[in-house]
Amino acid sequence: MKQSCRDIQSKLKRHLKGTLSFRGKLALRFLKWIAISLFVGGVMSVVGGAFRIMLEGVTEFRQNHTFIIYFLPLAGLFTVFCYQALGFRHDKGTNLVLMAVRDNEKLTLKTMLLIFSGTIMTHLFGGSAGREGAALQIGGSFSASLGRLLRLDEKDQRIITMCGMSAGFSSIFGTPITSAVFSMEVTSVGIMHYSAIVPSVLSAVVANMLTSLYGISSESFLVQRIPSTTLPTILKVIALAVLCAVMAEVFVIVLKAFHHLFQHISDNKYIRVLIGSAAIIVLTLLVGSQTYNGAGMDFIQSTFTERVGAQHFVLKLIFTGITLGCGFKGGEIVPAFFVGSSFGNFMSRFLGLDYSFGASIGLIAVFCGVTNCPLTSLFMSIELFGINGVVLYAVACAVSYMLSGYRGLYNSQKIVYSKTKTEFIDRKINY
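Residues numbered from 1 in each chain as written. Predicted model: local features only at pLDDT ≥ 70, side-chain atom pairs only at ≥ 80, totals over all residues. Heavy atoms only, no water.

(A) Representation of the overall build of the protein chain within the structure. When helices and strands are counted, the protein chain shows 16 helices and three strands. Over its C-alpha atoms the protein chain spans a radius of gyration of 23 Å, differing by no more than 12% from the 22 Å that the globule rule assigns to 431 residues. Classification of the 431 residues of the protein chain by burial places 56% in the buried group. If you take every contact in the protein chain between residues at least 6 apart in sequence, the share linking residues at least 24 apart comes to 77%. (Helix = DSSP H or I, 4+ residues; strand = E, 2+ residues; numbered from the N terminus. Rg over C-alpha atoms; globule rule 2.2 N^0.38 Å. Buried < 20%, exposed > 50% of the residue type's maximum accessible area, 1.4 Å probe, protein only. Contact = heavy atoms within 4.5 Å.)

This is the structure:
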């Protein structure tokens, strides 16, 4: 009996010692990521805030000095020269960041500097591109470099890269929850990297909070009339989401087609960017305005206040395909917003939906289709449009995710689990 009691006491001591050791290690790890997240969020609030201010400044300058678009070929040549001079002859863009998370691909500060300056050049001289893809590269590159400086191991290096991605996205677009979820969801579709939840969320919140102190406002859109959640409305939303899933595939296919077209035209990147620049200038002159140059955030706002025609999403898709296909730098996400909101606005008239509500469904459903990120898209709808109508937005995201197939903006993205069956497939995106 005494021996049995001693055995029990010994087991309890070992269990207690093991529990305390685990809790101690967990506490230290928690404090480590708190400190890293605060630092990354703080730095990215400055870098991301400066990036957004500069983008808005060069956009305003271009709009007030429309002649500057004639210098687009020089901007393209300079961008290609910088990338080649610094050893980025085969730049992978945002794909490199995703590869850093999944395969521990090396990111450097050179990547951050190049995408920062390259995107500014694109927006200043009239190329059609976004900014959030650049934000992911800027945040990921900085945090990856910090991870090497701190001598983090391979697994922690991946977490700090996601931390930087969420902080960069949040500092520029102002949607912290969306940014955090996106960094955990986008790399491997079908699973979430919950190991990064504390650093991703905290760095995104800190980055957004500090950029707001600098006077940089978060993006938001006013949906003028959100319908009641009734069966007829749900059916209409499903119909629109189906169309948006198709549009998402078209978006990816067109961007891929332009990329291959310019590769077929010439092996020389300087010739490609000159031809692409000339095409953008000619198209801008034919259109008679610069609606489709730059990111197009002003036009996206207008899709929530008035009806728009079918030519808008078609032309934006062409302008963006040429810009990114010929070698200019920038993101694909805001152009996807532009195409989605204008497409949803246009199609709403055939479904009996309010045009601003149609624009909101189009924006999140096309974004969901091109990124394969349904949870990110749902949180984005809440942060951009408010909580009203969240059930309808959830339906739109679910439908678009399932029906957009296995295509996506990022060819290094992997579909880990099937979209239609409970099975592990682990296949690359059909880019």
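So that's the structure; there's more coming.
(B) Seen up close, the nonpolar core. If you look at the biggest cluster of nonpolar residues, it comprises 120 residues, and the most contacted ones within it are Phe182, Ile300, Phe337, Leu363 and Phe385. Looking at this core, the element that brings in the most residues is helix α9 (residues 231–265), giving twelve residues. What phenylalanine 182 contacts, discounting residues up to four positions off in sequence, is Leu136, Phe169, Ile333, Phe367, Thr371, Cys373, Thr376 and Tyr410. (Core = buried A, V, L, I, M, F, W, Y, C linked by side-chain atoms within 4.5 Å.)

(C) Geometry of the state of the cysteines. Across all of its chains, the model carries zero disulfides by this definition. For cysteine 82, which is in no disulfide, the shortest distance to another cysteine sulfur is to cysteine 326 and amounts to 15 Å. Cysteine cysteine 163 remains unbridged, with the sulfur of cysteine 373 as its closest cysteine sulfur at 18 Å. (Disulfide = S-S within 2.5 Å.)

(D) Layout of the sheet that holds strand β3 (residues 424–428). Ordered in space as β1-β2-β3, the three strands form an open sheet in which the pairing is mixed. Of all the strands in the sheet, just β1 (188–189) and β3 have a single pairing partner and so form its edges. (Pairing = 2+ DSSP bridges.)

(E) Fine view of the pattern of salt bridges. Applying the stated criterion across every chain, the model contains eight salt bridges. Across the salt bridge formed by arginine 29 and aspartate 156, the nearest N and O atoms sit 2.6 Å from each other. Of this pair, arginine 29 sits in helix α1 (residues 2–64) while aspartate 156 is found in helix α6 (residues 154–173), placing the two residues 127 residues apart along the sequence. A relative accessible area of 35% places arginine 29 in the partly exposed class. Assessed through its relative accessible area of 5%, aspartate 156 is described here as buried. Of the charged contacts, one joins glutamate 56 and arginine 52 as a salt bridge, the two residues approaching to 3.0 Å between their closest N and O atoms. Of this pair, glutamate 56 and arginine 52 both sit in helix α1, separated by four residues, roughly a single helical turn. On the basis of relative accessibility, which here comes to 4%, the residue arginine 52 falls in the buried class. (Salt bridge = Lys/Arg side-chain N within 4 Å of Asp/Glu carboxyl O.)

(F) Structural detail: helix α14 (residues 355–371). Taking 1.5 Å of rise per residue, 17 residues should cover 24 Å, and α14 covers 24 Å from first to last C-alpha, within 8% of that figure. Here α14 lies mainly inside the structure; 17 of its 17 residues are buried. Trailing α14 by a residue or two, asparagine 372 shows a phi angle of about 60 degrees, which is positive. (Expected span 1.5 Å × (residues − 1).)

(G) View of the environment of phenylalanine 319. Following the sequence through the fold, phenylalanine 319 ends up in helix α12 (residues 311–326). Residues phenylalanine 319 and alanine 279 lie 40 residues apart in sequence; the distance between their C-alpha atoms is 8.9 Å. Discounting residues that sit within four places of it in the chain, phenylalanine 319 has contacts with Ser128, Ile280, Leu283, Thr284, Val287, Tyr292 and Asn293.

(H) Representation of unusual backbone geometry within the structure. Phi is positive for arginine 151, close to 60 degrees, though the residue is something other than glycine. Take arginine 151: it is sitting in the loop between α5 (132–149) and α6. Arginine 151 sits in the exposed class, given a relative accessible area of 77%. A positive phi angle, near 60 degrees, is found at asparagine 372, a position not held by glycine.

(I) A nonpolar patch on the surface, seen in detail. Taken together, Leu231, Leu235, Ile238, Val242, Val246, Val250, Met402 and Leu403 make up a surface patch of nonpolar side chains, about 660 Å² in accessible area. Elements with a minimum of two residues in the nonpolar patch: α9 and α16 (390–403). Looking at the nonpolar patch, the element that brings in the most residues is α9, giving six residues. Here valine 242 lies in helix α9. A relative accessible area of 31% places valine 242 in the partly exposed class. (Patch = residues over 30% accessible without salt bridge, like charges linked within 9 Å, V, L, I, M, F, W, Y side chains within 5 Å. Areas by Shrake-Rupley, 256 points an atom, 1.4 Å probe, with all protein chains shown as cover.)

(J) Up close: the pairing of β3. Pairing geometry for strand β2 (residues 414–417) and β3, over three bridges, is antiparallel. When the sheet's bridge partners are listed, lysine 414 is paired in β3 with lysine 428. A loop of six residues connects β2 with β3, the two strands running antiparallel in sequence.

(K) Here's a closer look at the packing of aromatic side chains. For the coordinates displayed, the defined rule picks out 19 aromatic pairs. Ring geometry for phenylalanine 51 against phenylalanine 116: centres 4.9 Å apart, planes inclined by 55 degrees, an arrangement best described as tilted. Residue phenylalanine 51 is located in helix α1, and its partner phenylalanine 116 is located in helix α4 (residues 109–125); the two are separated by 65 residues in the primary sequence. An aromatic cluster of three or more residues is present, and its members are Phe169, Phe173, Phe182, Phe337 and Phe367. Above the face of the tyrosine 401 ring, lysine 419 is positioned so that its terminal group lies 4.6 Å from the ring centre. (Phe/Tyr/Trp six-rings, centres within 6.5 Å; stacked < 30°, edge-to-face > 60°. Lys NZ or Arg CZ within 6 Å of the ring centre and 35° of its normal.)

(L) Local environment of the packing of helix α15 (residues 374–385) against α16. Where α15 contacts α16, the axes come no closer than 9 Å and their chain directions differ by 150 degrees. In terms of orientation, α15 and α16 fall into the roughly antiparallel class. Crossing hand, α15 versus α16: right-handed. On α16, the residues touching Pro374, Ser377, Leu378, Ser381, Ile382 and Phe385 of α15 are Val390, Tyr393, Ala394, Cys397 and Tyr401. (Axes fitted to C-alpha atoms, helices over the stretch in contact; angles between N-to-C directions. Parallel < 35°, antiparallel > 145°, perpendicular 65-115°, else oblique. Left-handed = near helix turned anticlockwise from the far one by under 90°.)

(M) Broad picture of the pairing of β2. As judged from the two bridges shared by β1 and β2, these two strands associate in the parallel manner. If you follow valine 189 over to β2, its bridge partner there is isoleucine 415.

Any link to function would need more than the numbers given here.
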